[in-house]
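Fold and geometry: a report
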Amino acid sequence: MIHIPKSEYSRRRKALMAQMEPNSIAILPAAAVAIRNRDVEHVYRQDSDFQYLSGFPEPQAVLVLMPGRVHGEYILFCRERNAERELWDGWRAGQEGAIRDFGADDAFPITDIDDILPGLIEGRDRVYSAMGSNPEFDRHLMDWINVIRSKANLGAQPPNEYVALDHLLHDMRLYKSAAEVKVMREAARISAQAHVRAMQACRAGLHEFSLEAELDYEFRKGGAKMPAYGSIVAAGRNSCILHYQQNDALLKDGDLVLIDAGCEIDCYASDITRTFPVSGKYSAEQKAIYELVLASQEAAFAEIAPNKHWNQAHEATVRVITAGLLKLGLLEGTVDELIASEAYKAFYMHRAGHWLGMDVHDVGEYKVGGEWRVLEVGMALTVEPGIYIAPDNQKVAKKWRGIGVRIEDDVVVTKTGCEILTHGVPKTVAEIEALMAQARTQAA
Ligand code: GLY
Ligand code: MN
Ligand code: MN
């Protein structure tokens, strides 16, 4: 299995500590276990920030970084070993494992945190935490601070600065290392294979969930624990619902099916969309819209390179799509006017992409000092233009209504442009039709 090496977690902790102010402390909790119902839990997914700094996969843990601490800078509070609990729920690292396998300098039982952590915070001037994103943890933090305050008459010194960790940490997460790109390539490879499988399996009479099952099969077979987000399998008019998740409609000849799905490997997401005909052959109108979206995506790729800014790719898709809709008679006016009045938004109402990483909509600022961010090597993003013609749009000829097309790929900025991670799924009309025709011949 391809994964982030242990040495990388250590490098990240050091890089973060190098940016923290002198005499400070950073405190981050693991994700809480989410209850599905009664004693059934959702599949556990570690908090991305916590995972980024530790690679520690367990709940009920708190990571503490104390740059310059003589007795160790990296402290992990975690569950103790417990034969009875491990019999039911599985292996725990315990404090020994936290040190031996996860690089902690010091480790304590999570049940002792209220006794130990105030003493670690005391005397530090500044506390970094993910303030505001986890109200329960914020309350705990205030409780620990209040323990120190209550001892002020004994000379205890509470910190006087509380700083959001997000800015430092999320800027680090925006730049993907070689090891991260390798993991993202693997997630992309498995997801691409899943889309190919869904195209091959597609037949009228199946349901949207039948194709979702094909995706899930490839994800799990490839070693992914779960999809990176709820898979969208949207046939016919459902393709015009941007975040469709019902996935239970019948697949009918003559309809398109839009699949937006990707898996997660070692907590790194992939995010792919393809739109293909249930019958295996695009109609003339479907093909016209599809090729327009594809042309806009190609134009966007050309705008992704170091020193180009974040919005250039989006602007390129808007221009190509607007000009194309005008040519097809779906819009009237001039390209510049239609862009200025945002008339294209009736058909293309979302942005061309987002940062991609541990979160599918990854962290990182899109603007810096009020200006669009300039792209740099190692930034990962999606490129996902689309055109959606509402089924009830009375302003366009009937033949266009209900067509929804999105094409989405994942890229990483390189020195000379960008690397497309998701090239493993066919994309042109000819390639997709050939793949589907071949699958049908083989099945016959
Ligand atoms: N699947 C969510 C997105 O494409 O942004
Ligand atoms: Mn996306
Ligand atoms: Mn997507």
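As a starting point, this report considers the structure included with it. All values derive from a computational prediction rather than experimental measurement. (Residues numbered from 1 in each chain as written. Chains lettered and ligands numbered in written order. Predicted model: local features only at pLDDT ≥ 70, side-chain atom pairs only at ≥ 80, totals over all residues. Heavy atoms only, no water.)

**Thoughts on the coordination of the manganese ion (ligand 2)**
Under the convention used in this document: Only N, O and S atoms count as donors, using a 2.8 Å cut-off from the metal and 3.2 Å for Na, K and Ca, and because water is excluded some sites may appear unfinished. Labels for metal geometry use angle windows, namely 85 to 135 degrees for all angles of a four-donor tetrahedral site, and for square planar (four donors) or octahedral (six donors) sites opposite donors over 155 degrees apart plus all others within 65 to 115; sites meeting none of these are irregular.
Distances from the manganese ion (ligand 2) to its protein donors, namely Asp271 (OD), His354 (NE2), Glu384 (OE) and Glu408 (OE), fall within the range 2.0 to 2.2 Å. Geometry at the manganese ion (ligand 2) is irregular, judged from the six donor atoms that bind it and their angles of 51 to 156° at the metal. Site description for the manganese ion (ligand 2): donor spacing in sequence, D-x82-H-x29-E-x23-E. The distance between the manganese ion (ligand 2) and the manganese ion (ligand 3) comes to 3.2 Å, and Asp271 binds to both of them.

**Re the site of ligand 1**
What counts here: In this text, near means that some heavy atom of the residue lies within 4 Å of the molecule or strand in question. Any N or O atom pair separated by 3.5 Å or less is treated as a polar contact, with the protein-specific requirement of one donor-capable and one acceptor-capable atom, and with residues adjacent in sequence counted only for side-chain atom pairs. Only the protein chains shown count as cover for residues, and the accessible areas themselves come from Shrake-Rupley with a 1.4 Å probe. Each residue receives one of three labels: charged for Asp, Glu, Lys and Arg, nonpolar for Ala, Val, Leu, Ile, Met, Phe, Trp, Tyr, Cys and Pro, and polar for the others, Gly being one of them.
Residues in contact with ligand 1, as listed here, are Tyr229, Asp260, Asp271, His354, His361, Glu384 and Glu408. Asp260 is positioned such that a nitrogen or oxygen atom in its side chain is 3.2 Å from a nitrogen atom of ligand 1. Taking 200 Å² as the accessible area of ligand 1 by itself, protein coverage stands at 88%. Classifying every residue of the shell around ligand 1 by side-chain character gives one nonpolar, two polar and four charged.

**Observations regarding the pairing of strand 11 (residues 256-261)**
The criterion, for reference: Three exposure classes are used, based on accessible area relative to the maximum for each residue type with a 1.4 Å probe and protein chains only: buried under 20%, partly exposed in between, and exposed over 50%. Every helix listed is a DSSP run of H or I at least four residues long, and every strand listed is a run of E at least two residues long, numbered separately from the N terminus. Should DSSP find at least two bridges between two strands, the strands are taken to pair.
Counted residue by residue, strand 11 has six buried out of six residues, so it is predominantly covered. In strand 11, alternate side chains face the same way, and those of Leu256, Leu258 and Asp260 on one face and Val257, Ile259 and Ala261 on the other are all buried. For strand 10 (residues 232-235) and strand 11, the ladder comprises four bridges, and the chain directions are antiparallel. Counted as the bridge partner of Ala235 is Val257 from strand 11.

**Here we look at the packing of helix 8 (residues 178-201) against helix 13 (residues 429-443)**
Stated precisely, the cut-off is as follows: Whenever a helix is involved, its axis is fitted only over the stretch in contact; in every case the axis is a line through C-alpha atoms, and angles between N-to-C directions fall within 0 to 180 degrees. An angle counts as roughly parallel when it lies under 35 degrees, as roughly antiparallel when it exceeds 145, as roughly perpendicular when it falls between 65 and 115, and as oblique in every other case. Here a crossing is called left-handed whenever its near helix is offset anticlockwise from the far helix by less than a right angle, and right-handed whenever the offset is clockwise. In this description, contact between two residues means that some pair of their heavy atoms is separated by no more than 4.5 Å.
Look at helix 8 against helix 13: their axes get within 8 Å of each other, and the N-to-C directions meet at 60°. It follows from the interaxial angle that helix 8 and helix 13 lie oblique. Once helix 8 is placed against helix 13, the crossing between them reads as right-handed. Two secondary-structure elements touch here, helix 8 through Val196, Met199 and Gln200 and helix 13 through Ile432, Leu435, Met436 and Ala439. In terms of residue class, the contact of helix 8 with helix 13 is built from six nonpolar, one polar and no charged.

**Observations concerning the environment of Gln46**
Relative to the assigned elements, Gln46 resides in the loop between strand 3 (40-41) and helix 2 (48-54). By relative accessible area, Gln46 is classed as buried at 4%. The residues contacting Gln46, other than those within four sequence positions of it, are Ala30, Ala31, Gln51, Phe56, Pro57 and Glu58.

**Notes on the coordination of the manganese ion (ligand 3)**
Within the protein, the manganese ion (ligand 3) binds to Asp260 (OD), Asp260 (OD), Asp271 (OD) and Glu408 (OE); these donor distances fall in the range 2.0 to 2.4 Å. Between the six donor atoms coordinating the manganese ion (ligand 3), the angles at the centre fall across 57 to 170°, so the site counts as irregular. For the manganese ion (ligand 3), the single-chain donor residues occur in sequence as D-x10-D-x136-E.

**Digging into the pattern of salt bridges**
Heads up, the rule is: We define a salt bridge as a side-chain nitrogen of Lys or Arg found within 4 Å of a carboxyl oxygen belonging to Asp or Glu.
The tally for this structure, following the rule as stated, stands at 29 salt bridges. Here Glu58 and Arg79 are joined by a salt bridge, their closest N and O atoms 3.2 Å apart. With Glu58 in the loop between helix 2 and strand 4 (62-65) and Arg79 in the loop between strand 5 (74-78) and helix 3 (83-89), this residue pair connects regions lying 21 residues apart in the sequence. By the burial criterion, Glu58 is buried, and Arg79 matches it. Linking Arg185 and Glu419 is a salt bridge whose minimum nitrogen-to-oxygen distance equals 2.7 Å. Of this pair, Arg185 sits in helix 8 while Glu419 is found in strand 21 (residues 418-420), placing the two residues 234 residues apart along the sequence. Through salt bridges with shared partners, a single ionic network connects Asp49, Arg173, Lys176, Asp359 and Asp362.

**Focus on helix 5 (residues 113-121)**
In an α-helix there are 3.6 residues to a turn, and that puts residues three or four apart on one side. So the rule is basically this: Each direction from the helix axis to a C-beta atom contributes to the arc, which is the arc of those directions.
Taken residue by residue, helix 5 has Ile113, Leu117, Pro118, Leu120 and Ile121 as its buried positions. Buried residues of helix 5 fall within an arc of 160° about the axis and therefore sit on the same side. Downstream of helix 5 by one or two residues, Gly123 has phi in the positive range, about 90°.

**Observations regarding the layout of surface pockets**
Put simply, the rule is: Residues are called lining when one of their atoms sits within 4 Å of a cavity or pocket point, these points coming from a 1 Å grid over the protein atoms alone, where a cavity is a set in which a 1.4 Å probe fits but cannot get out and a pocket is an open set with protein on both sides within 12 Å along at least five of seven lines. Grid points are joined across faces, edges and corners, and a volume is the space filled by probe spheres set on the points.
When its volume is computed, the largest pocket comes out at roughly 730 Å³. Every residue lining the largest pocket is counted, 28 residues in all, and those nearest its centre are Ala31, Ala32, Val33, Pro59 and Gln60. Taken together, the residues of the lining of the largest pocket sort by class into 16 nonpolar, five polar and seven charged. When its volume is computed, the second largest pocket comes out at roughly 490 Å³. Those elements that place two or more of their residues in the lining of the second largest pocket are helix 1 (6-19) and strand 12 (263-265). For the lining of the second largest pocket, the per-class residue count stands at nine nonpolar, five polar and five charged.

**What about the sheet that holds strand 13 (residues 268-269)?**
Taken in spatial order, the three strands of this open sheet run 9-12-13, and their pairing is antiparallel. Taken across any chain shown, the strands that pair with only one partner, and hence form the sheet edges, are strand 9 (226-227) and strand 13. Relative to strand 12, strand 9 is paired through two bridges, and the arrangement is antiparallel. Within the sheet, the bridge partner assigned to Pro227 lies in strand 12 and is Cys263. Set on the sheet, helix 8 makes contact with strand 12 and strand 13; between it and strand 12 the angle comes to about 145°.

**A look at the pairing of strand 20 (residues 409-413)**
Of all the five residues making up strand 20, five are buried; the element is thus mostly covered by neighbouring parts of the structure. Taking every second residue as pointing to the same face, both faces of strand 20 are buried, with Asp409, Val411 and Val413 on one and Asp410 and Val412 on the other. In this sheet, strand 20 lies alongside strand 17 (residues 380-383) in antiparallel orientation, the contact comprising four bridges. Across the sheet, the residue bridging to Thr382 is Asp410, located in strand 20. Pairing analysis gives three bridges linking strand 20 to strand 21, with the strands arranged antiparallel. When the bridges of strand 21 are listed, Val412 appears paired with Glu419.

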